[in-house]
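# Coordinate inspection notes
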Amino acid sequence: MDRTGISLVVSWIALIGLFGGASLAAEPLRIVTLGDSITKGVRPGVTDEQTFAAELQRQLRAGQFPEAEVINVGIGGEMAGQGLKRLENDVVAKKPSIVTIMYGHNDSYVDAGQTAARVSIPRFRGDLSQLVQRLREANIVPILMTPPAYAEKSGPNGIGEH
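A brief look at the structure comes next.

Further remarks concern the environment of A117. Looking at the secondary structure, you find A117 in the loop between helix 6 (105–108) and helix 7 (121–137). Taking the relative accessible area as the measure of exposure, A117 reaches 28% and is therefore partly exposed. A sequence separation of 11 residues divides A117 from N106, and the C-alpha atoms of the two residues are 8.8 Å apart.

So this is what it looks like as structure tokens:
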């Protein structure tokens, strides 16, 4: 995600603060980023300081949330259903006001020799819905940032697969 995309997320967080939905009055604002390797971000050539979570924290602190804390709990290779299993311990227990959710690439991936995605569209939709519902029940605002990996017109990935 480029800086423009992160700026949009920062703007969205500011709007949530203005119109309610999350308790952003208490300092510091705490956000958890939940997802797969795209969320985790660290890989060869990318440092912790270059991840989405780190850039989001920098922009929030430079704006109206100078003590904001962004906690990255992304795990490479993870699918939405796996995130759901660790939601209480790895996310809700950290008491965030907001959680960003980014899953889909691993769920929709078609393994070599297979003809269907690892996770069906109905199951993926159900997993995301449960994530959102459980966060809302805990008075946490979810922000879905899931790419449209299941789109009918999705082309092959970067190496020409599925």
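Turning next to the pairing of strand 3 (residues 98–102). Counted residue by residue, strand 3 has 5 buried out of 5 residues, so it is predominantly covered. Relative to strand 3, strand 1 (residues 30–35) runs parallel, the two being bridged by 5 bridges. When the bridges of strand 3 are listed, L34 appears paired with I101. Bridge analysis of strand 3 against strand 4 (residues 141–144) gives 4 bridges, and the strand direction is parallel. Note on strand 4: the bridge partner recorded for I101 is L144.

Here the focus is the sheet that holds strand 3. Read from one edge of the open sheet, 4 strands run 2-1-3-4, paired in parallel fashion. Among the strands making up the open sheet, the edge pair consists of strand 2 (69–72) and strand 4. The sheet shows a mean angle of 20° between the axes of neighbouring strands, taken without regard to direction. Of the strands in this sheet, strand 1, strand 2 and strand 3 touch helix 3 (residues 52–62), which is tilted by about 175° from strand 2.

Rules and cut-offs
- The numbering scheme is per chain: residues are counted from 1 as the chain's sequence reads.
- In keeping with the predicted nature of the model, local features appear solely for residues at pLDDT of at least 70, side-chain atom pairs appear and are counted solely at 80 or more, and the whole-chain, interface and lining totals rest on all residues.
- Computation of side-chain values covers all heavy atoms of the structure but excludes hydrogens and water.
- Helix and strand definitions here come from DSSP, where helices need a minimum of 4 consecutive H or I residues and strands a minimum of 2 consecutive E residues; each element is numbered from the N-terminal end.
- Think of it in three bands: residues with accessible area under 20% of the maximum for their type are buried, residues over 50% are exposed, and the middle band is partly exposed, with areas taken using a 1.4 Å probe on protein chains only.
- Two strands pair if DSSP finds at least two bridges between them.
- Angles here are taken between N-to-C directions and fall from 0 to 180 degrees, while the axes themselves are lines fitted to C-alpha atoms, restricted in helices to the stretch in contact.
- Whether two residues touch is decided by their heavy atoms; if any such pair falls within 4.5 Å, the residues are in contact.

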